[in-house]
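# Fold and geometry: a report
Each chain is listed here by its residues.
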Amino acid sequence: MAEHSMSELSLEKQQELLERIEALEYENKKLKKINTVLVERVESGGVQGGANPYSAFEHSVVLAEQVRERTEALNAVLSELKVSHRALKQANEQAALANQRLIDAIESISDAFVLFDEERQIVLFNSKFSNVWESTGLRIETGTTIQDITRLARESGLIAEEYPASSNLGSTVYRLADGRWVQMSERPTQDGGLVILYTDITALKERETAQREHELAQKTEQLQRTVDNLSQGVVLVNPEGTVELWNDRFLDLTGVEDSQVESHPPFAALMLDNHAILQHALTAAQQGEVLASEQRGEAGQVIEVRTHPMPQGGFVNTYTDITERHKYAETLRQNEQWIRLITDNVPALIAYLDPDLHYRFANKVYEQWFGKSDGELDGQSIYAAYTQEQYDELKPYLDRALSGENVTFEVWQTNAQGEQRYMLKSYVANIDQQGNPNGFFVMIRDITERRRSAEALKLSHQLLEQRVEERTSELTELNEQLVSEIEERAGVEARLREAKLEADRANLSKTKFLAAVSHDLLQPLNAARLFSGALSEKIQDEGHRTLAHSVSNSLDDVESLLRTLVDISKLDAGVVKADIISFGINSLFETLSAEFKQLANAEGLDFRCVNSQTVVRSDSQLLARILRNFLTNAIRYTKQGKILLGCRRRGDKLLIQVWDTGSGIPAEKLTEIFQEFKRLKKDQPGQEKGLGLGLAIVDKISSVLGHEIGVESVEGKGSVFSVEVPIGEAIAPVEVSGPTIPMITERLSGANIWLIDNDEAICRGMDTLLSGWGCNVIPALSLEDLQRQVDFKEDPVDLLIVDYHLDNDETGVDAAKVVTAEVLEALPVLMITANYSQELNQQIRNHGFLLVNKPIKPLKLKTMLIHMLETATA
């Protein structure tokens, strides 16, 4: 077939050469004929007379030359014809070779190949094209038209499905009846013919199908994972009504078991117990719209069901637990009812308008004013209440309110009954979280009566102006007199201020003086108490003992008086500073319980303490002063019953309270008791006398500490005093071990005690008191005096007592450090001072010494000495 085509091409070229040879032969014959005619003419002319023989000869020569030239040209053409013939033969051979190569090429390709001419008849095809039609019985040969092939393909059922060529691909795909896939590609030739390739793409289609199925499986798995992680329940129902996809949340909210959906049953079978959800889904699928409804779950929860129909059929149901939202909406509804109930009973017109000037709320008074029924204005435009003329009057104020401004103005307005009233209107803008105005609130009040009163008042004012002018002249004269009196009073007030300033300075000087001389005041009192204690120890006669006890009680009163005056003076002078630390309240409670239980029992009262392990931040000594004052007052004013010391947590504070069953305090006196020298009742005979400064000191100490104090009382039933203390951070517990302290005098017998005090009277009193307890006392007025009396390294010593304030600017701490450094064994030191400052207390604690403040009570001194001796020998 390819060889035939190449032969046709060679014949055309050969025909062209033959036509050219025929033209040359025709020209040659023509020349020969001319030559013959000329020869004959020449010969004829010579016979007739030979008029010009030379001319004839010359003419014949020219003709001969022309014949020779034409003959040479003919020979050249013949030579060219031979060359062309050889070239034609060579071209035929090359064409035959090219034709064979073309045949081999189209046979070697994997596609079916066919070439049509311009009349769409087959010119050339390969064997694979024949194989395509082999099963149809059609014989494919040169000359078969493309219409015959198309008709046969349709009639034989070879093509199962056709996919027309797209604009970008330029090829058509056919799915054959035997399952194969063929792609047809067309390409026109330059002479108007058509080349068609049929490519078998079955393997490619199978790979694409497998890949699509794999991608579909991946997407399905991703979709399932996504659905499983949704907070909503989801179920997908295909067009056949079968459950296709679901998540665990769907099972939880609908109560469907997992085993029921594993076989992908019909959705209707799962919803047999919930006909409402089934009917809702079917309705949405039929209407093609998203429908939502609320259902009650088995556990009582509220579930929102939304059905989303799909374009290809089927639907998707989503299940959302809106129980909390439903409760919130119910709460809002109830709140709205309460708000409406309240606003409906307020004698004012209240409403809310959105940015489009539509009513979103109006109370009953507002609707009645405009002659509307309940709820009639909801959602209506502002024109439902106002005419166009009224709206135009209000528009400037409405525009300001809609721009976010709060507007208040007064205007005459006519109600539904035709009454004209003067109204005070307020427009309050509602600003959203982004700061943009979102409607406004309306509040209208009827101020007609006030307006009329104002007008009447204005009229009265106008009438009074004339009378005022008449009185002005009279008052001018009086004013001049008052000016002079005011100037005199101003001078008096200036002198009074100077006098008050001098009094304040004197009071401050007094306070500072009392605070500074506290040591000097307490020194002789301390000596007197020591002598009194020693005297009580030595007197055996009961009458004399009673007298000594009375002296001791008098000293107690003097001590309490001086201590109270000094304390309040220091507080007024501002010299008391708080030493805030964290400590366990239990230790303070134990100390106070041990101290006041005996006092309460002595008065016939029941004392209880409810302890706690809470750690607080405060000044332990100042806090103890507050509680001691509370407890002292409780014992003083309670004749019978109970006293309770306890505490309770209140947020980040600890509320410490002292309860009593005493006489109580009148309500109008609860603040007065914290004033200085204020006492509600006189002391009972035999009771410790008070000055009315205890609670005043408590008030001042609480100000220093920053603690809040309180008092509650029921007259005739009792009182409770309290103080709030901040809770501190927990501290590591400190275990204290050792033997109990026996309160027996025998433990002091034979104890060697060194005493240093620069006051000779105190030395004598301390020596007398300690010697009465069986102690061996060596008193000294200074460290040098003690060094002259004893040998620090050789003489025995069990305890050192030192006064903090010594002569020559020396302190007891310096003296104690020298003595403890010289003695061979650890020596307990008791420091005595009238200084109550926290700095000194901390300094002495840092050196490991014990501190006791003056004046010293003999019983307390004895207890401390026994404790120190027991601890030293433990």
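Read on for a plain summary of the structure. Being a predicted model, the structure only gives us computed values, none of them experimental.

Attention now goes to the environment of Arg452. Considering the arrangement of structural elements, one finds Arg452 in helix H13 (residues 448-516). Judged by relative accessible area, Arg452 falls into the partly exposed class, the value being 41%. Sequence separation between Arg452 and Tyr422 is 30 residues; the distance between their C-alpha atoms is 9.1 Å.

Formed by 39 residues in total, the largest nonpolar core has its most connected members in Ile585, Leu623, Leu627, Phe630 and Ile656. Looking at this core, the elements that each hand over two or more residues are helix H16 (585-602), helix H17 (620-636), strand E20 (642-650), strand E21 (653-660), helix H18 (694-705), strand E22 (708-714) and strand E23 (718-726). With 9 residues, the single largest contributor to this core is H17. Not counting residues within four places of it along the chain, the set of residues in contact with Ile585 comprises Asn611, Ser612, Thr614, Val616, Leu623, Leu654 and Ile656.

Turning to unusual backbone geometry, a few remarks are in order. Positive phi is not limited to glycine here, since Arg120 has a value of about 60 degrees. By the element assignment, Arg120 lies in the loop between strand E1 (112-116) and strand E2 (122-125). On the accessibility criterion, Arg120 (27% relative accessible area) is partly exposed. Of note, the phi angle at Asn808 is positive, near 60 degrees, even though the residue is not glycine.

On a regular strand, each side chain points to the face opposite its neighbour's, so the side chains alternate between the two faces of the sheet. Of the pairings in the sheet, the one linking strand E12 (residues 349-353) to strand E13 (residues 359-362) comprises 3 bridges and is antiparallel in character. In the sheet register, Leu353 faces E13, and the bridge partner there is Tyr359. Connecting E12 to the antiparallel partner E13 that follows it, the hairpin turn spans 5 residues, and Leu357 within it adopts a positive phi of roughly 60 degrees.

Taking strand neighbours across the sheet as the criterion, the 5 strands line up as E13-E12-E16-E15-E14 in an open arrangement whose pairing is antiparallel. Looking at the sheet topology across the chains shown, the edges are occupied by E13 and strand E14 (407-414). With strand direction ignored, the average angle separating the axes of adjacent strands in the sheet is 25 degrees.

A few words now on the side chain of Asn752. In this fold, Asn752 is placed in strand E24 (residues 752-756). Residue Asn752 is classed as buried on the basis of its relative accessible area of 19%. A polar atom in the side chain of Asn752 sits 3.2 Å from the side chain of Asn776. With near-sequence residues (within four places) excluded, Asn752 lies in contact with Asn776, Pro796, Val797, Asp798 and Leu799.

Conventions and cut-offs
Residues numbered from 1 in each chain as written. Predicted model: local features only at pLDDT ≥ 70, side-chain atom pairs only at ≥ 80, totals over all residues. Heavy atoms only, no water. Helix = DSSP H or I, 4+ residues; strand = E, 2+ residues; numbered from the N terminus. Buried < 20%, exposed > 50% of the residue type's maximum accessible area, 1.4 Å probe, protein only. Core = buried A, V, L, I, M, F, W, Y, C linked by side-chain atoms within 4.5 Å. Contact = heavy atoms within 4.5 Å. Pairing = 2+ DSSP bridges. Axes fitted to C-alpha atoms, helices over the stretch in contact; angles between N-to-C directions. Polar contact = N/O pair within 3.5 Å; in protein donor to acceptor, adjacent residues only side chain to side chain.

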